[in-house]
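These are the residues of each chain, in order.
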Amino acid sequence: MANNWTTVFQPCWLQDPELEAWIRRVENKPKSAYCAWCCTEFSLSNMGKQALRSHMKSKKHLSRTASGANSLINYIKLPAVPPGQSTPEAENLRSPIEPSVQNTGRTKDQPSAGRGQLNQFVLRNGVTEAEIRWCIQTVMNHKSLRAAEKDVAVLKRMFNDSEIASKLQLKKDKIAYMIMYGIAPYFKVELVDQINECDFFVAGFDESLNKVTKKQQMDINIRYWDKLSNSVITRYLTSQFLTRSRATDLLEAFQDGLKMLNLKKLVQVSMDGPNVNWAFLRELKLELKEDTKLLDLGSCGLHIMHGAFKDGIQATGWPVVAFLRALHNLFKNVPARRALYVQYSESDVFPLKFCGHRWLENSDVAERAIDTIGNIRKFVDGVKKDKIEPKCKSYSDIVNFLNDPLICVKLTFFRAVASEIEPLLRELQSDEPMVPFLYPEICQLVIALCEKFIKPEKLEKIVNLTLEDVKDIGNHLPAKSIILGFDTKKALRDTKVKELELISFRNECKNCLKTIVAKLLTRSPITYPLTKAASCLDPSLIVSNISVAKRRMEKLLTILIDCGRISGRKGDLAASQYRVVISQVVYIDLFKGYSRKVSRLDSFWRDTLGDKYGDLLYVIKIICCLSHGNANVERGFSVNAECLFENMKEESVVARRQVYDAVAQRGAVGEFEVSKSLLLRVRNAHSLYIEDLNQKKKEATGIATEAALKRKHAAEARELELKRKKLLKEAQIEADALTEQINLLKK
């Protein structure tokens, strides 16, 4: 017989901590209940309390747990009223979409539960905020998840009187999914929204080997004008992981990384100068529409300076680089050899490591080699005397190099040239807007190097220095007149060499300087018209030569109009406003007082122009956002190395980088404010984690099923092939028998 018994609403459910936040009684319907979070009425049927638990597991209720549960109305109890009646207070508090509900009927002498539940609500928010801060602290300090989990246990013991600390539940898995599915997506969406609100942005990329995933990690940074700080900032966006680094692979990864952005707003791509990158850039330009042209400043100017210095040193034919490498490798990770060095030289100062990809940073390496070369000679003499010479290539190379009487002179010249270029290099490693300063700074460096080997009268006549002018031997100084620098000349005086060797050395120095200048003239950013035109925003140029500044501004606006970045009307207004600004005394005084050490260029122009010259300021914003080098992207490689742990997944690396960059941009973990939207996203992280986990399991199951099906089909194909061969063999036997009978009959 069917059971017609049904459950009625029980008043005790309203006191259950698991249910009281959302359960409500439905007036005049004792066999139903109402969920204040889902705004849904449901029947209790014959399930009793199990009907409530079943509703709690529903997808809609779980999705509202992070949002609907936070409404203060759910923590305020309506006043008890008789069935069928209502009060003005109850009607005012009741949600307009919520049906009439009835309270527990608590008497006047019973304490109100509203304040306690409100305290629980505040406590819950406090616990979640503390968990968020701890997850961020884990990322900022590059901690492993296991270490962060153990630290939480220590915190609970340290602050055992804290209710928030006692309720922290942070195991390694929870920390991982809070970062990956809660905190990192929040910061990424926030960044993407900020970039999409801008009128233009610059994208920079570079690749390095990820030693955990064993793939090329392509980091993508975005440079844009931030409306909150009203200045130029550079932010990490995402990373793509490549198995191969062909131009098509780079293009696909680059487009996938920027898929959430509008590529029509892309004004420049910042990159290094390998041939594959240039091929990538050509394909990218073909992908973009004709009305969206990129501004061109060439590849990273910092790498070009390193490369120019490298080519210059190699043009001399000196074994300086091999000598510097051998000095470090001889004592690297060999305690016994280091002990012998200390014993023979009575010094514990060892040679430094030579950097093969940042050549201009080796001036300190050369200086240390000069300081320790006497100790190296003592070490070589000592091991020879005691007959314990090392049997390695580094030692034999050092012995051969020490026989060169000019080795110290060559090292001194190496250090002198590197020291002359390095200050500009360090200045350009800043994230501040530097494009308007590229042309005057690089030109000044080129002139300084040319003065060492080109005749002064020839240099004065050359208005625009060209590669032919540099290569023309008639413009060069005699070997004896080449300027080597005081340190190099002093080292040369201390060395007794023949006149012929001296002239040969000076010519080799000239070849070095000529090669450096030639590469700067052909590969550096000054070869691009935009670099020269952008110098009109340099306050020092405006002060020194207003007419030149006006011409360069006209050229700059022409380039921007041709690339479709501004309209002709906006260009006319910007040119008119620029002429007004540079002709007024009040602005000239500001230009004279400008210093890069005191103020950034974007802040200076922003504060100078204000809102009065909007069209000119728009042009200035474009130029200030342009990238002058890839230093910011390369600095991220060190962050990658610090945050890597064994078996770390690719998405975890990206999530950590996004959190690290966003919090570092704000200052520190202590200064970071946890917003309500971040709280809600983090509370929803677990459901997203489970959903993603199920999706991956489903995909893995599908792949396994497909593989099993392929194996099954392959087995069936093998069986059929064997059957076919068997049938063919039997048919062949029968055919042979019939052929034999036919032959017998013919006889």
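Criteria and thresholds
- Residues numbered from 1 in each chain as written.
- Predicted model: local features only at pLDDT ≥ 70, side-chain atom pairs only at ≥ 80, totals over all residues.
- Heavy atoms only, no water.
- Helix = DSSP H or I, 4+ residues; strand = E, 2+ residues; numbered from the N terminus.
- Rg over C-alpha atoms; globule rule 2.2 N^0.38 Å.
- Buried < 20%, exposed > 50% of the residue type's maximum accessible area, 1.4 Å probe, protein only.
- Contact = heavy atoms within 4.5 Å.
- Areas by Shrake-Rupley, 256 points an atom, 1.4 Å probe, with all protein chains shown as cover.
- Lys, Arg positive; Asp, Glu negative; His and termini not counted.
- Charge placed at Lys NZ, Arg CZ, Asp CG, Glu CD.
- Pairing = 2+ DSSP bridges.
- Axes fitted to C-alpha atoms, helices over the stretch in contact; angles between N-to-C directions.
- Expected span 1.5 Å × (residues − 1).
- Bend = angle between axes of the 7 residues up to and from the residue.
- pLDDT = per-residue confidence, 0-100.
- Parallel < 35°, antiparallel > 145°, perpendicular 65-115°, else oblique.
- Left-handed = near helix turned anticlockwise from the far one by under 90°.
- Salt bridge = Lys/Arg side-chain N within 4 Å of Asp/Glu carboxyl O.
- Phe/Tyr/Trp six-rings, centres within 6.5 Å; stacked < 30°, edge-to-face > 60°.
- Lys NZ or Arg CZ within 6 Å of the ring centre and 35° of its normal.
- Polar contact = N/O pair within 3.5 Å; in protein donor to acceptor, adjacent residues only side chain to side chain.
- Nonpolar A, V, L, I, M, F, W, Y, C, P; charged D, E, K, R; others polar.
- Patch = residues over 30% accessible without salt bridge, like charges linked within 9 Å, V, L, I, M, F, W, Y side chains within 5 Å.

1. A closer look at the overall build of the chain
Logical step 1: Tallying secondary structure elements over the chain gives 31 helices and eight strands in all.
Logical step 2: In terms of C-alpha radius of gyration, the chain reaches 38 Å, well past the compact-globule figure of 27 Å for 747 residues.
Logical step 3: With respect to the principal axes defined by its C-alpha atoms, the chain has extents near 120 × 120 × 70 Å.
Logical step 4: Expressed as a percentage of the 747 residues in the chain, the buried residues total 47%.
Logical step 5: For the chain, restricting intrachain contacts to residue pairs at least 6 apart in sequence, the fraction spanning at least 24 positions comes to 70%.
Logical step 6: Within the structure as shown, the chain displays about 39,100 Å² of accessible surface, and the carbon and sulfur contribution to it stands at 53%.
Logical step 7: Here the chain contributes 114 positively and 90 negatively charged side chains, and the mean placements of these two sets differ by 3 Å.

2. Observations concerning the sheet that holds strand β5 (residues 201-210)
Logical step 1: Strand order in the open sheet made by the four strands is β7-β6-β5-β8, with mixed pairing throughout. Both edges of this open sheet fall to β7 (231-242) and β8 (266-270), since each of them pairs with a single strand only. Pairwise comparison of adjacent strand axes, ignoring direction, gives a mean angle of 25° for this sheet.
Logical step 2: Relative to the sheet, helix α29 (residues 650-666) contacts β5, β6 (215-226) and β7, its axis offset from that of β7 by approximately 170°.

3. Concerning helix α7 (residues 172-197)
Logical step 1: Look at α7: 36 Å from first C-alpha to last across 26 residues, which is about the 38 Å you get at 1.5 Å a residue.
Logical step 2: Residue Ile179 marks the point of greatest curvature in α7, where the axis turns by about 40°.

4. A closer look at the confidence of the model for the chain
A low pLDDT score tells you not to read the predicted coordinates there in detail.
Logical step 1: On average, the chain scores 85 in pLDDT, and the residues at 70 or more come to 91%.
Logical step 2: Across residues 68-113, confidence stays below pLDDT 50; counting only partners more than four residues off in sequence or on other chains, it has 74 contacts.

5. Digging into the packing of helix α23 (residues 546-562) against helix α24 (residues 568-583)
Logical step 1: Interaxial distance between α23 and α24 falls to 10 Å at its minimum, and their mutual angle equals 165°. The pairing of α23 with α24 is recorded here as roughly antiparallel in orientation. Considering the relative orientation of α23 and α24, their crossing is right-handed. Mapping the contact onto sequence places Ile546, Ala549, Lys550, Met553, Glu554, Leu557 and Ile561 in α23 and Gly568, Gly571, Ala574, Ala575, Tyr578, Arg579 and Ile582 in α24.

6. Remarks on the pattern of salt bridges
Side chains bearing opposite charge may pair, as long as their charged atoms lie close to each other.
Logical step 1: Overall, the coordinates contain 32 salt bridges when judged by the stated rule.
Logical step 2: Across the pair Glu190 and Arg666 runs a salt bridge, and its minimum N-O distance is 2.4 Å. You can see Glu190 sitting in helix α7 and its partner Arg666 sitting in helix α29, a full 476 residues away along the chain.
Logical step 3: Given a relative accessible area of 22%, Glu190 falls into the partly exposed group.
Logical step 4: Judged by relative accessible area, Arg666 falls into the partly exposed class, the value being 29%.
Logical step 5: Where Arg596 meets Glu427, a salt bridge forms, and the shortest distance between an N and an O atom there is 2.5 Å. Taken together, the residues Arg596 in the loop between α25 (585-592) and α26 (601-609) and Glu427 in helix α15 (residues 407-428) connect sequence positions 169 residues apart.
Logical step 6: Among the charged side chains, a network of salt bridges with common partners joins Glu427, Glu441 and Arg596.

7. Topic: unusual backbone geometry
Logical step 1: Not every positive phi belongs to a glycine, and Lys214 is a case in point at roughly 60°.
Logical step 2: Looking at Lys214, the relative accessible area reads 62%, which means it is exposed.
Logical step 3: Of note in the backbone geometry, Asn230 takes a positive phi value of approximately 55° without being a glycine.
Logical step 4: The topology assignment puts Asn230 in the loop between β6 and β7.

8. What about the packing of aromatic side chains?
Logical step 1: Counted by the stated rule, this structure contains 25 aromatic pairs.
Logical step 2: Taking the centre distance of 5.3 Å and the plane angle of 70° together, the rings of Phe254 and Phe280 count as edge-to-face. Of this pair, Phe254 sits in helix α8 (residues 247-257) while Phe280 sits in helix α9 (residues 275-287), placing them 26 residues apart in sequence.
Logical step 3: Taking the relative accessible area as the measure of exposure, Phe280 reaches 0% and is therefore buried.
Logical step 4: For Arg596, the ring lying beneath its charged end belongs to Phe437, and the centroid distance is 4.2 Å.

9. Notes on the pairing of strand β3 (residues 40-43)
Logical step 1: When strand β2 (residues 32-35) meets β3, the two strands line up antiparallel, connected through four bridges. Across the sheet, Cys35 pairs through a bridge with Thr40, a residue of β3.

10. A word on the pairing of β6
Logical step 1: Counting buried positions over the 12 residues of β6 gives 10, a clear majority of the element.
Logical step 2: Bridge count for β5 against β6 is 10 bridges, and the pairing is antiparallel. Bridging across to β6, Val202 finds its partner in Arg223.
Logical step 3: Connecting the antiparallel pair β5 and β6 is a turn made up of four residues, with Lys214 showing a positive phi of about 60°.
Logical step 4: Linking β6 to β7, which pair antiparallel, is a turn of four residues; within it Asn230 sits at a positive phi near 55°.

11. Focus on the side chain of Asp226
Logical step 1: Position of Asp226 among the secondary structure elements: in strand β6.
Logical step 2: Buried charged residue Asp226 carries no salt bridge. Nearest counter-charge: Arg235, at 6.7 Å.
Logical step 3: At a separation of 2.9 Å, a polar atom in the side chain of Asp226 contacts the side chain of Ser229.
Logical step 4: Not counting the four nearest positions on each side in its chain, Asp226 is found in contact with Gln194, Ser231 and Ile233.

12. As for the packing of α15 against helix α16 (residues 435-450)
For any two helices packed against each other, one specifies the inter-axial angle together with the distance between the axes.
Logical step 1: The interhelical angle for the contact between α15 and α16, taken along N-to-C directions, is 170°, at an axis separation of 10 Å. Taken together, the axes of α15 and α16 lie roughly antiparallel to each other. For the pair α15 and α16, the contacting residues are Glu420, Ile421, Leu424, Glu427 and Leu428 in the first and Leu438, Glu441, Ile442, Leu445, Ala448 and Leu449 in the second.
Logical step 2: Residues belonging to the contact of α15 with α16 are distributed by class as follows: eight nonpolar, no polar and three charged.

13. What to know about the side chain of His61
Logical step 1: As for its placement among the helices and strands, His61 is situated in helix α2 (residues 59-65).
Logical step 2: Given a relative accessible area of 3%, His61 falls into the buried group.
Logical step 3: Only 3.5 Å separates the side chain of His61 from the side chain of His55, close enough to count as a polar contact.

14. What to know about the environment of Val383
Logical step 1: In this structure, Val383 sits in helix α13 (residues 363-385).
Logical step 2: Note: C-alpha distance between Val383 and Phe241 (142 residues apart in sequence) is 50 Å.
Logical step 3: Setting aside residues up to four positions removed in sequence, Val383 forms contacts with Leu340, Tyr344, Ile388, Glu389, Pro390 and Tyr395.

15. So, a nonpolar patch on the surface
Logical step 1: The grouping of Val154, Met158 and Phe159 at the surface amounts to a nonpolar patch, some 290 Å² of accessible area in total.
Logical step 2: Within the secondary structure layout, Val154 lies in helix α5 (residues 145-158).

16. Thoughts on α8
Logical step 1: Looking at α8, one finds that the buried residues are Ala247, Asp249, Leu250, Leu251, Ala253, Phe254 and Gly257.
Logical step 2: Against the buried residues of α8 lie β5, β6, β7, β8 and α9.

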